[in-house]
Amino acid sequence: MVRDKTIVLGVTGSIAAYKAVELASKLTQEGARVDVVMTKAAQQFVTPLTFRTITGRPVASEMFDLASEFSIEHVALAERADLVVIAPATANVIAKLAAGIADDVLTCTVLDTKAPVIVAPAMHANMYQNRITQENIARLKERGFVFVGPGYGRLATGEVGPGRLAELDDILGTIRQVLGREGDLAGRRIVVSAGGTQELIDPVRHIGNRSSGKMGYAIAEAARDRGASVVLVSAPTALAPPAGVEVVQVQTALQMRDAVLKASAKADALLMAAAVSDYRPKAAARKKIKKEVETLSLELVRNPDILAEARGDLIRVGFAAESEDVVENARKKLEGKNLDLIVANDITASDSGFGADTNRVIIIDRQGKVESLPLLPKLEVAHRILDKVVALLSG
Ligand code: CTP
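Residues numbered from 1 in each chain as written. Predicted model: local features only at pLDDT ≥ 70, side-chain atom pairs only at ≥ 80, totals over all residues. Heavy atoms only, no water.

## Considerations on the site of the ligand
Okay, so step 1: Every residue near the ligand is listed here: Met 272, Ala 274, Val 276, Asp 278, Pro 304, Asp 305, Ile 306, Leu 307, Gly 318, Phe 319, Lys 333 and Lys 337.
Okay, so step 2: At a separation of 2.9 Å, a nitrogen atom of the ligand approaches a polar backbone atom of Ile 306.
Okay, so step 3: When the ligand sits alone it has 580 Å² of accessible area, and the protein chains cover 74% of it.
Okay, so step 4: Structurally, the ligand is housed in the largest pocket. (Near = heavy atom within 4 Å. Polar contact = N/O pair within 3.5 Å; in protein donor to acceptor, adjacent residues only side chain to side chain. Areas by Shrake-Rupley, 256 points an atom, 1.4 Å probe, with all protein chains shown as cover. 1 Å grid on protein atoms, 1.4 Å probe; cavity = no way out; pocket = protein on both sides within 12 Å on 5 of 7 lines; lining within 4 Å. Sits in = over half its atoms within 2 Å of the grid points.)

Encoded structure:
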């Protein structure tokens, strides 16, 4: 998404300006051309030299810079930007943008550009909650500005409240989402499930499995980055909710069924990457079970099959975690659940499957075509699966 894109990164006078250095670094590493524009106040916190060194590109801060290669710096920046990101954005710059004031390189660039603008506010909680700021933000949102954050937490004053710059992963996720808005899944609604369900035994115990949720989260992010609106139905995982994705947190298979069926009512495709428990205890004990007996039996009942219950006109993609006869077992599941695609992996390999950041999968379609992918990062696997979903949606 980001490679070869020109991103104008506006940095304004907040203590969070130091976090913009990391953002500039990450974007540069991902192959973006990052043109940093600093306000005067921002330079009190971080120097232009820092950004110059990180991005390898000139940093704009002066309206009338005789050394600039462009005759009118802000016009050149505005024209070549694929995206403008202001992080951190102070209450002051937000107010100026809302009023159309253009009195420095950054505000002139924003007023001049046709590129999308992302704003990541950072300020003291009272300034953020002030109705003037809230009205300014609402006004900018109406005009298509995309806001990310602020986060809630410890502020520079030591107080706790809203006003922290959004987490870098959320800013990066929003950047990818905005750059991918016109992608091949634009206008599509995709439902993804992820994680391993937990079936309650009593108030403190459950039956679980080893799914980390990484594959499902990668699919949700990849679909978002291709323009889809994504609902991610997630069983408990250690992963942060991805930016720009509607996340529905569930615990049990029954909760997942309800959430998935509700979300897929208006969806185009359902990708069930979750490891859904096939069984649940017949009844969860209301009180914690004490160790009073030598042996204990749990009676388990079958959980409903979510994929099988989903609408037949959806593109439905299942996942098969196998430890033997991978292709044959996966094919049986594809046919048994009448799926469009099944993605199978061998969970006995240490570099793919549970918990790993990479995966080696085999994708089988309805026609019986088998495609074996090499070991790839899960995000790349996600894109390969979505390539097939896009083809099915347009075919
Ligand atoms: N799945 C589902 N609802 C369930 C169980 C599984 O929708 N109650 C989905 C999973 O999300 C996955 C696929 O079905 O996409 C896996 O199929 P399944 O036959 O349940 O796989 P296993 O549980 O691995 O089957 P088995 O234990 O028989 O190998």
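## Re the sheet that holds strand β12 (residues 246-249)
Okay, so step 1: The mixed open sheet is built from eight strands, whose spatial order is β12-β11-β8-β13-β16-β17-β19-β20. One side of each edge strand has no neighbouring strand; the edge strands of this open sheet are β12 and β20 (370-372). The average angle at which neighbouring strand axes cross in this sheet is 15 degrees, direction not considered.
Okay, so step 2: Pairing of strand β8 (residues 189-194) with strand β13 (residues 269-272) involves four bridges; the strand directions are parallel. Among the inter-strand pairings, Val 191 is bridged to a residue of β13, identified as Leu 270.
Okay, so step 3: Contacts between helix α12 (residues 326-336) and the sheet are confined to β16 (315-322), β17 (341-346), β19 (361-365) and β20, with β17 contributing the most and set at about 150 degrees to the helix.
Okay, so step 4: The sheet strands contacting helix α13 (residues 378-394) are β13, β16, β17, β19 and β20, and the helix crosses β16 at an angle near 145 degrees. (Pairing = 2+ DSSP bridges. Helix = DSSP H or I, 4+ residues; strand = E, 2+ residues; numbered from the N terminus. Axes fitted to C-alpha atoms, helices over the stretch in contact; angles between N-to-C directions. Contact = heavy atoms within 4.5 Å.)

## Overview of the nonpolar core
Okay, so step 1: Ranked by size, the top nonpolar core spans 35 residues in total, and within it Phe 51, Ile 171 and Ile 175 carry the most contacts.
Okay, so step 2: Elements supplying a minimum of two residues to this core: β1 (6-11), α1 (17-29), β2 (33-38), β3 (83-89), β4 (117-121) and α8 (168-179).
Okay, so step 3: If we skip the residues at most four places from it in the chain, Phe 51 touches Val 11, Ala 17, Ala 20, Val 21, Ala 24, Val 36, Met 38, Val 46, Gly 56 and Val 59.
Okay, so step 4: One finds Val 192, Ala 223, Leu 232 and Leu 271 within the second-largest nonpolar core, a separate group that totals 33 residues. (Core = buried A, V, L, I, M, F, W, Y, C linked by side-chain atoms within 4.5 Å. Buried < 20%, exposed > 50% of the residue type's maximum accessible area, 1.4 Å probe, protein only.)

## With respect to the domain arrangement of the chain
Okay, so step 1: Domain annotation for the chain reports domain 1 (6-179) and domain 2 (189-393).
Okay, so step 2: Of the residues lining the interface, five residues belong to domain 1; the matching set on domain 2 comes to five residues.
Okay, so step 3: For the pair domain 1 and domain 2, the two sides together bury roughly 440 Å², of which 46% comes from carbon and sulfur.
Okay, so step 4: Broken down residue by residue, the surface that domain 1 buries against domain 2 is led by Asp 170, Arg 176 and Gln 177, which jointly contribute 79%.
Okay, so step 5: In this structure, the connection of domain 1 to domain 2 is made through zero salt bridges. (Domains from an automatic or database assignment. Buried area = accessible area lost by both parts, 1.4 Å probe. Salt bridge = Lys/Arg side-chain N within 4 Å of Asp/Glu carboxyl O.)

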